[in-house]
Amino acid sequence: MSVETTPAVSLAGMESDSAGLGGIPHRLRQVRRDFLLALDTTADFSTPEMDRPDDGAADPLTALAVEAALRRLVLLLPPRERVCVVLKDVFGYSLAETADVLETSAGAVKSALHRGRSTLAAAQEPSSRADSPADGSARSSAGTPAGSSAAGAPAGHADLLRRLADAFNSYDIESMVSLFLANGRTEVVGNVSETGHEEIRTGSLDHTFGPDAPESYRATVHAFDGEEVILLWERPKDSPHAADVVADVVRMRAADGCQDEDTLIRELRWYYFCPELLAEVAGGLGLPFKTNGVSYF
């Protein structure tokens, strides 16, 4: 998605526009232009302000590159950031118009745009893995040998991910914390981020695995679109015999330049509040899942 590495979302190799957004808004603007042209058969291209269609260009609505751009925009960004990027950078709405559509302030739109654009740009960093397969196929963990890692992942990545899953399953918060760099970071995508051991310990980890959490979780490792991710299965603590379902996708970035045994977590992302991504990953793997809205509130 390329979810950096993904469910696999990396935009490495995609052309970039002047905003440095991984080419996604550029490709979607092509779709918008051709769609509007199809509606307006009387468009006058004699004025310099009007985009002129590319002679002989393939229909972008059927191009794999456009499909990939749409898919990755959904997978990379939580709903609020995604709609801000689409309205502002694809459809050309002003900040005020975008804020009016979303019934929020222009400042909130600017913040969401900054986060969304930064996420898209970060997906093109050299540490990002190669582009996901064009067929979008999902591969379960059976398709990836134990101990292997996605292309471009630092040495020790696969082992570190499994150690983290083991710590999740043992509810050992101190072991979880010890796997992070001192300045490591976690993000509940679209909601909150934490930096450093203490914030991580008392934030997302305690919220999920602490004694007051109303749900119990178990972790499994799966490969999806060439990236190994952790799936968290959830069940209410007061219903121990209920079937558990996938409720979160956890993606990890390991620190570069470490020996295998010294590899630590640079960043961890929880996609609990990203319903499209949960559906894409768990549904693609044929697993039962639940979605959780888009915010704590």
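In this report, the structure presented in the accompanying data block is examined. Fair warning: this is a prediction, and the values are worked out from it, not measured in the lab.

Time to look at the pattern of salt bridges. Counting across every chain of the model gives 14 salt bridges. Asp-159 is the partner of Arg-163 in a salt bridge, and the nearest nitrogen-oxygen pair spans 3.8 Å. Highlighted residues: Arg-163 and Asp-159, both in helix H6 (residues 157-170), separated by four residues, approximately one helical turn. Residue Arg-163 is classed as partly exposed on the basis of its relative accessible area of 31%. In this structure Asp-159 comes out as partly exposed when scored by relative accessible area, which is 42%. Linking Arg-269 and Glu-187 is a salt bridge whose minimum nitrogen-to-oxygen distance equals 3.4 Å. With Arg-269 in strand E6 (residues 265-270) and Glu-187 in strand E1 (residues 180-188), the pair connects residues that are 82 residues apart, well separated along the chain. By sharing partners, the salt bridges in this structure join Arg-185, Glu-187, Glu-267 and Arg-269 into a single network.

Below, the discussion takes up the sheet that holds strand E4 (residues 227-236). What the six strands build is an open sheet, ordered E2-E1-E6-E5-E4-E3; its pairing is mixed. The sheet terminates laterally at strand E2 (192-195) and strand E3 (215-224), the two strands that pair on one side only. Adjacent strand axes in the sheet meet at a mean angle of 20°, parallel and antiparallel pairs treated alike. Direction of pairing for E1 relative to E6: parallel, over a ladder of five bridges. Bridge pairing in E6 links Phe-180 to Ile-265.

Our next topic: the packing of aromatic side chains. Considering all chains together, one arrives at five aromatic pairs under this definition. Consider the rings of Phe-209 and Tyr-217, whose centres lie 6.3 Å apart with planes at 65°: the pair is edge-to-face. For Phe-209, a relative accessible area of 4% gives the class buried. Its relative accessible area of 11% is what places Tyr-217 among the buried residues. Chaining the aromatic ring pairs together yields one cluster made of Phe-168, Tyr-171, Phe-209, Tyr-217 and Trp-270. In this structure, Arg-218 packs its charged tip against the face of Trp-233, placed 4.4 Å from the ring centre.

Moving on to the nonpolar core. Formed by 29 residues in total, the largest nonpolar core has its most connected members in Phe-168, Leu-205, Phe-209, Ile-230, Leu-232, Leu-268 and Trp-270. At the level of secondary structure, the elements contributing two or more residues to this core comprise H6, helix H7 (173-178), E1, helix H8 (197-209), E3, E4, strand E5 (245-254) and E6. Judged by nonpolar contacts, the second largest core, of 16 residues, contains Leu-75, Phe-224, Leu-277 and Val-281.

For the rest of this paragraph, the subject is H6. Look at H6: 20 Å from first C-alpha to last across 14 residues, which is about the 20 Å you get at 1.5 Å a residue. Residues of H6 that are buried include every one of His-157, Ala-158, Leu-160, Leu-161, Leu-164, Ala-165, Ala-167 and Phe-168, and no others. Where the residues of H6 are buried, they touch H7, H8, E3, E4, E5 and E6. Backbone geometry just after H6 places Tyr-171 at a positive phi near 55°.

On to unusual backbone geometry, then. At Glu-103, a residue that is not glycine, the phi angle is positive and equals roughly 55°. Structurally, Glu-103 can be placed in the loop between helix H4 (95-102) and helix H5 (106-122). Note on Glu-103: relative accessible area 75%, which makes it exposed. Here the phi dihedral of Asp-225 falls at roughly 50°; this positive angle occurs in a residue that is not glycine. Take Asp-225: its relative accessible area is 1%, and that puts it in the buried class.

This part is about the pairing of E2. Across four bridges, E1 lies against E2 in antiparallel orientation. What sits directly across from Val-188, in E2, is Val-192.

Another point: the packing of helix H3 (residues 79-90) against H4. Interaxial distance between H3 and H4 falls to 10 Å at its minimum, and their mutual angle equals 135°. Relative to H4, the element H3 is oriented oblique. Between H3 and H4 lies a crossing whose hand is right-handed. For the pair H3 and H4, contact is made by Arg-80, Val-83, Cys-84, Leu-87 and Lys-88 and by Leu-95, Thr-98, Val-101 and Leu-102, respectively.

Within the secondary structure, Ala-213 is located in the loop between H8 and E3. With 23 residues separating them in the primary sequence, Ala-213 and Pro-236 have C-alpha atoms 9.3 Å apart.

Together, Phe-91, Tyr-93 and Val-101 give the surface a local cluster of nonpolar side chains, amounting to about 250 Å² of exposed area. Secondary-structure assignment places Phe-91 in the loop between H3 and H4. For Phe-91, a relative accessible area of 38% puts it in the partly exposed group.

Parameters and conventions
- Residues numbered from 1 in each chain as written.
- Predicted model: local features only at pLDDT ≥ 70, side-chain atom pairs only at ≥ 80, totals over all residues.
- Heavy atoms only, no water.
- Salt bridge = Lys/Arg side-chain N within 4 Å of Asp/Glu carboxyl O.
- Helix = DSSP H or I, 4+ residues; strand = E, 2+ residues; numbered from the N terminus.
- Buried < 20%, exposed > 50% of the residue type's maximum accessible area, 1.4 Å probe, protein only.
- Pairing = 2+ DSSP bridges.
- Axes fitted to C-alpha atoms, helices over the stretch in contact; angles between N-to-C directions.
- Phe/Tyr/Trp six-rings, centres within 6.5 Å; stacked < 30°, edge-to-face > 60°.
- Lys NZ or Arg CZ within 6 Å of the ring centre and 35° of its normal.
- Core = buried A, V, L, I, M, F, W, Y, C linked by side-chain atoms within 4.5 Å.
- Expected span 1.5 Å × (residues − 1).
- Contact = heavy atoms within 4.5 Å.
- Parallel < 35°, antiparallel > 145°, perpendicular 65-115°, else oblique.
- Left-handed = near helix turned anticlockwise from the far one by under 90°.
- Patch = residues over 30% accessible without salt bridge, like charges linked within 9 Å, V, L, I, M, F, W, Y side chains within 5 Å.
- Areas by Shrake-Rupley, 256 points an atom, 1.4 Å probe, with all protein chains shown as cover.

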